[in-house]
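# Fold and geometry: a report
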Amino acid sequence: MIPRIQPAEHRPGWQEQLASAVRSVDELLQLLHIEPSATATPLLQHDFPLRVPHSFVQRMVHGDGQDPLLLQVLPVAEESNQAAGFSSDPLEELGAMPSPGLLHKYPGRALLTLTGACAVHCRYCFRRHFPYTDANPGNGHWQAAIDYLEKTADVSELILSGGDPLTLSDARLYSLTDRLKDIQHLRTLRIHTRLPVVLPARVDDGLIEWITSQPVRVVMVIHCNHPNEIDDSVIAALDKLGAAGVTLLNQSVLLRNINDNVATLTRLSQRLFAAGVLPYYLHQLDRVQGAAHFEVDIKRARILESGLRAALPGYLVPRLVQEVPGEPGKTPV
Ligand SMILES: *Cc1c(COP(=O)(O)O)cnc(C)c1O
Ligand code: SF4
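Predicted, not measured: the structure shown is a model, and the values here were computed from it.

What follows concerns helix α11 (residues 262-274). End to end, α11 covers 18 Å across 13 residues, agreeing with the expected 18 Å (1.5 Å per residue, within 8%). When we look at burial in α11, the residues that qualify are Thr264, Leu265, Thr266, Leu268, Ser269 and Leu272. In this structure, the buried side of α11 is in contact with β5 (217-223), β6 (247-253), β7 (278-283) and α12 (298-311). Of the residues that open α11, the one with a side-chain oxygen 3.3 Å from the backbone nitrogen of Ala263 is Asn261.

This is the structure we're talking about:
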């Protein structure tokens, strides 16, 4: 390590970085030196506002209104198009909750939405219309979720999801997992999070301590869609997680004009692997209202998948899947 020349330099912690995330289209375009005319028409009024940490903005290409990272976060007018076949609860999740915030749709594993908050607002997100205030277990409701897990011996894996569970403080994470320790049939704790990618500072010593204190195997499924999302700070965060014994997997969403070509998806798998992460799922977009312009049709998705099979070893080819309401797992396309 090269010693820091300015000893007094202040390096903001993850919570400060989260609080100072970019929240305005004007500010974002100014930071990137992009003329508003060089992008799609911004969407000005919406209930899912722009949100993106500076560390993610730094990985966007200056001056490029079509940058694949920018396109994931910039609210555009096309979001207000009403598209046939797209709905606000495409997965019909609201009917699958045995207790607030706990989804038990698939055998063996249950998913707990810990918070509605995310560090970044991804425009294609299927949770953009999710009524988190009703469905969020919050502190008071965790007990109901824990009671359900205790009496449901079939569940051996608990998935922490959201929102993004790692937007919670370490203290909140401990207060949940302390209550899970007595449930003998839980063997795996899985964390679905985009934070190691969009806010790698979240992977600090405190988080690593929380992870290593878990008596069960910890799996982390990160969410990365494009190779440009992986810079040195992300690699360093992933290295720390790997060194702490975390099994690292990635899920991506297939997104039009962002990662819908074989070369980009191939580089993504290779970069992930170099950072110690195996590709897990490549999701066909969930048909949520406002995201139709991101959809890649299934025929093209299949062609891309066979291109990946030809270009990569089998273990670097993600499974192309789709969520079909009522199915007992993700459905292969
Ligand atoms: C995606 C999902 C899971 C996890 O599925 P895996 O195939 O094990 O990754 C579990 N529960 C719910 C409700 C899900 O949406
Ligand atoms: S839940 Fe995941 S995909 Fe959706 S906005 Fe949050 S980080 Fe993005």
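Next, the rest of the story.
Moving on, we get to the pattern of salt bridges. Overall, the coordinates contain 12 salt bridges when judged by the stated rule. Residues Lys105 and Glu323 are paired through a salt bridge, measuring 3.3 Å at the closest nitrogen-oxygen approach. Of this pair, Lys105 sits in strand β1 (residues 102-106) while Glu323 sits in the loop between β8 (319-322) and β9 (331-332), and the two are 218 residues apart along the sequence. When salt bridges with common partners are traced through the structure, they connect Lys105, Glu323 and Lys330 into a single cluster.

This part takes up the domain arrangement of the protein. One can read the domain layout of the protein as domain 1 (8-80) and domain 2 (93-332). The centre of domain 1, based on its C-alpha atoms, is set 23 Å off from the matching centre of domain 2. Between domain 1 and domain 2, the residue contacts involve 24 residues of the former and 34 residues of the latter. Around 2500 Å² of area is buried between domain 1 and domain 2 when both sides are counted, 60% of it from carbon and sulfur atoms. For the interface between domain 1 and domain 2, the tally reads 2 salt bridges. Salt-bridge contacts for Arg123 lead to Glu79; the nearest nitrogen and oxygen are separated by 3.0 Å. For the pair domain 1 and domain 2, the number of links is 13 residue pairs in polar contact (both at pLDDT 80 or more). Put simply, the parts of the chain that give the side of domain 1 that touches domain 2 at least two residues each are α1 (14-19), α3 (54-57) and α4 (70-73). Broken down by element, the side of domain 1 that touches domain 2 gets its largest block of residues, 4 residues, from α1.

Moving on to the site of ligand 1. In the vicinity of ligand 1, the contacting residues are Leu103, Lys105, Tyr106, Arg109, Leu111, Ile159, Arg190, Tyr280, Tyr281, Glu323 and Lys330. Side-chain polar atom of Tyr281 to an oxygen atom of ligand 1: 2.6 Å apart, as the coordinates give it. Here Lys330 contributes a side-chain N or O atom positioned 3.0 Å from an oxygen atom of ligand 1. In the complex, the protein chains occlude 94% of the 380 Å² of accessible area that ligand 1 would expose alone. Of all elements in the fold, only β1, β2 (109-113) and β7 reach the threshold of two or more residues within the shell around ligand 1. The element that contributes the greatest number of residues to the shell around ligand 1 is β1, accounting for 3 residues. Of the residues in the shell around ligand 1, the class split is 6 nonpolar, no polar and 5 charged.

Calculation rules
- Residues numbered from 1 in each chain as written.
- Chains lettered and ligands numbered in written order.
- Predicted model: local features only at pLDDT ≥ 70, side-chain atom pairs only at ≥ 80, totals over all residues.
- Heavy atoms only, no water.
- Helix = DSSP H or I, 4+ residues; strand = E, 2+ residues; numbered from the N terminus.
- Expected span 1.5 Å × (residues − 1).
- Buried < 20%, exposed > 50% of the residue type's maximum accessible area, 1.4 Å probe, protein only.
- Contact = heavy atoms within 4.5 Å.
- Polar contact = N/O pair within 3.5 Å; in protein donor to acceptor, adjacent residues only side chain to side chain.
- Salt bridge = Lys/Arg side-chain N within 4 Å of Asp/Glu carboxyl O.
- Domains from an automatic or database assignment.
- Buried area = accessible area lost by both parts, 1.4 Å probe.
- Near = heavy atom within 4 Å.
- Areas by Shrake-Rupley, 256 points an atom, 1.4 Å probe, with all protein chains shown as cover.
- Nonpolar A, V, L, I, M, F, W, Y, C, P; charged D, E, K, R; others polar.

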